[in-house]
Structure formats: structure tokens, C-alpha cells
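Listed below are the residues making up each chain.
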Amino acid sequence: MKRMYTLIAIIFVFLGVAFFTENNQLSRQRIPKVGVLTLMHHPALDQIYKGYVDELAREGYHNGKNIKIEYQNANGDQSNLKTMAAKLVDDHSSLIFGITTPAAQAVANSTSRTPIVLGAVTDPKGAGLVKNNQHPGGNITGVSDQAPINEQLRLIKEFMPRLKTLGVIYTSSDSSAVAGYHQIARECKKMGISLKAYSIANSNDLNQVSEQMLSQVDAVIAPTDNTIAGAMQTLVKNANAANKPIFPAAGTMVKQGGVATYSVNQYDLGVRGAKMTVAILKGKKPSNMPIEFVRHGQPILNLKQARKLGLNVPQHFEHEARTKGVIYK
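Residues numbered from 1 in each chain as written. Predicted model: local features only at pLDDT ≥ 70, side-chain atom pairs only at ≥ 80, totals over all residues. Heavy atoms only, no water.

K.L.:
So what exactly am I meant to see when it comes to the sheet that holds strand β12 (residues 326-328) here?
P.N.:
Whenever strands of a sheet pair, they do so through backbone hydrogen bonds, lying parallel or antiparallel. Ordered in space as β10-β11-β12, the three strands form an open sheet in which the pairing is mixed. Of all the strands in the sheet, the pair left with one neighbour each is β10 (260-263) and β12. Each neighbouring strand pair of the sheet contributes to a mean axis angle of 15°, computed without reference to strand direction. Relative to strand β11 (residues 298-302), β10 is paired through four bridges, and the arrangement is antiparallel. Among the inter-strand pairings, Ala260 is bridged to a residue of β11, identified as Leu301. The strands touched by helix α13 (residues 315-324) are β10, β11 and β12; relative to β11, the strand with the most contacts, the crossing angle is about 110°. (Pairing = 2+ DSSP bridges. Helix = DSSP H or I, 4+ residues; strand = E, 2+ residues; numbered from the N terminus. Axes fitted to C-alpha atoms, helices over the stretch in contact; angles between N-to-C directions. Contact = heavy atoms within 4.5 Å.)

K.L.:
Mind showing me how you'd approach the nonpolar core here?
P.N.:
The tendency in soluble globular proteins is for nonpolar side chains to be buried side by side. Core analysis: the biggest nonpolar cluster contains 46 residues, and Leu37, Tyr52, Leu56 and Leu118 have the highest contact counts within it. Of all the secondary-structure elements, those providing two or more residues to this core are β1 (33-38), α2 (43-58), α3 (79-90), β3 (95-99), α4 (101-110), β4 (116-119) and α11 (266-281). Contacts of Leu118, omitting those with residues within four sequence positions, involve Phe97, Gly98, Ala104, Pro124, Leu129, Ile140, Thr141, Gly142, Val143 and Ile291. Among the nonpolar cores identified, the runner-up in size contains 32 residues, and Ile149, Phe159, Leu303 and Phe317 belong to it. (Core = buried A, V, L, I, M, F, W, Y, C linked by side-chain atoms within 4.5 Å. Buried < 20%, exposed > 50% of the residue type's maximum accessible area, 1.4 Å probe, protein only.)

See below:
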């Protein structure tokens, strides 16, 4: 009789453990796993990631509690992207957030099924990531960091009404940077601005090429370009030595020594990407979600740098930056 009771007790314990284990496994399965892949660390990209995580938390998705975020950073080495993208796919991510065009392309090449949200991809259609920006189709949607170039060029002309030649420097292997350059070239032609273009293959070229450029132009515009953003201090050093201003696309690059810009808010890009992520996790299809564009930039002014270079700051812009944007003093 005792043996029977012991056997029954063992069976109940076994069933209880099995039930608890199964419930735990089901609970883990219900927790979505979101992969994040980025090309490198630099202030603008870090702000995108911060905005993404913060907004997920505001939407009720807290990392480590009811969502798991797996973050992969290639540290500027594009050869790492393919391996990292494959890992995120193989780990059964519910969705992958790709920060930068190279990162997004690596993920897109690794899966046609897992939903992908683009973060900071200037021209998704031109990069071959979607069929159409308004009707993406497939498994990809997201946010563009395309800069408001027309606003930026008008601002440069206000700072430098006697501008003769504007220089643009970009990375030839970065499709987003190339798209940005072409947009700048088109707008300069419309506005009658003389533009000289200079390209680099990687950050090792920046010192020499920028020195050459700064000896031939009156000012520099830098498009959305991760390589240049990551080596901004080299460009600033050479520009200061030549006493020439830089008008970059990103607000974080203004903080590093640029003069001014109308910038897409990088943190806001992350926020927008997180909102799209939540919508997809709740059942919305990426194929039906248009690519989001920011049409008006945030005014960013480095007052200290402008004064250092002897530039007259347009009063309306300084007021706008003070009331609606950011001023670095």
C-alpha cells in the first residue's frame, strides 16, 4: 500500500514538473525576440537605438521582461554584417531592426520571411530593399533618414551670401551617402550653387581628400554618411585649419564641430521605428506599411563654432534653434 502511495506521489510530482516546464516554455515562446543590427557606433546611430529601446518601453515592451532585444554591432566592419544578420535570423527573431543601409541590406539578404524594420536608410527603394516606398511589398518597411537638402542649402546661402563654391564629400561605397550626394547635386543645380564633389572609399581617405577639398571650396556640406560621421573629428580638424565651415546633415555632427543644419532628429527615427515594430508584433503586415519620411528638419546651431569662424548667424535661424531646436554654445 505504501508503495502505491509513493508511486502516486511520484507521478503527481512528475506531472507537476512537466506542467510547470511546459508553461515556462510556452511563456518563453510568447515573449517576442527582436534583433537589432547596426553598422557601427557613432552618436547619430546610438541615438536611433536609444529612441528605439525607449519607445518600446513606453509602448509596454521592456527588454528582459516581456520582450528580448538582441543587439549586434559590426563595429564598422561590413564583413561582420552577413554573419550577424544570419545569426539574428537563425535565432528565430520575431522581427529585425536594421540601422543603416548596409545593415538592412545584410538582413534582407538573409531572410525574405522575417519582418524587417529599416532605421536610417536614406533611399530604401534605391538600395533595393523595397519595390516602392509607398507600397513596400514583401517583408520590409521602416523609416528613412533622408535629409531636407533644400532647407539645408537655403540655410548655407543665408550664412554665406557670397558663397562661390560648395564642396560635398561622401563615401562612394555607401549607397545612402551616394543617394544623398545626388540629391545635393540636383538641388544645387536648381538653386544655381556651384558644387564640387569629392568621394572617399573609407575613413583612411578622409584626411587627405578633405585637405584637398578645403583648399578649393568656400564651405562643405556633408550628407548622411556613416563613415564621415564616424570620423567627423578629422574633417573638423582640417576645416578649422582652413577656416572653412561644415554644414552636415546630422545634428550630432553639428555638435562635433559643424556650424548648423536642419536635421532629421535621430532619436525620433528610433521612436518611429519602434512604433512600426509594435504595430507589426500586433499583426500588421510590413508590405502594407509605407516608408516614413521626415519632411521638415530640426534646427541645430553650433553658436561657438559659428563665432569661431567669424560667421554672421541669421537671426531668424538662431531664434528658431533656440525655441524649436538645439543650440550648442
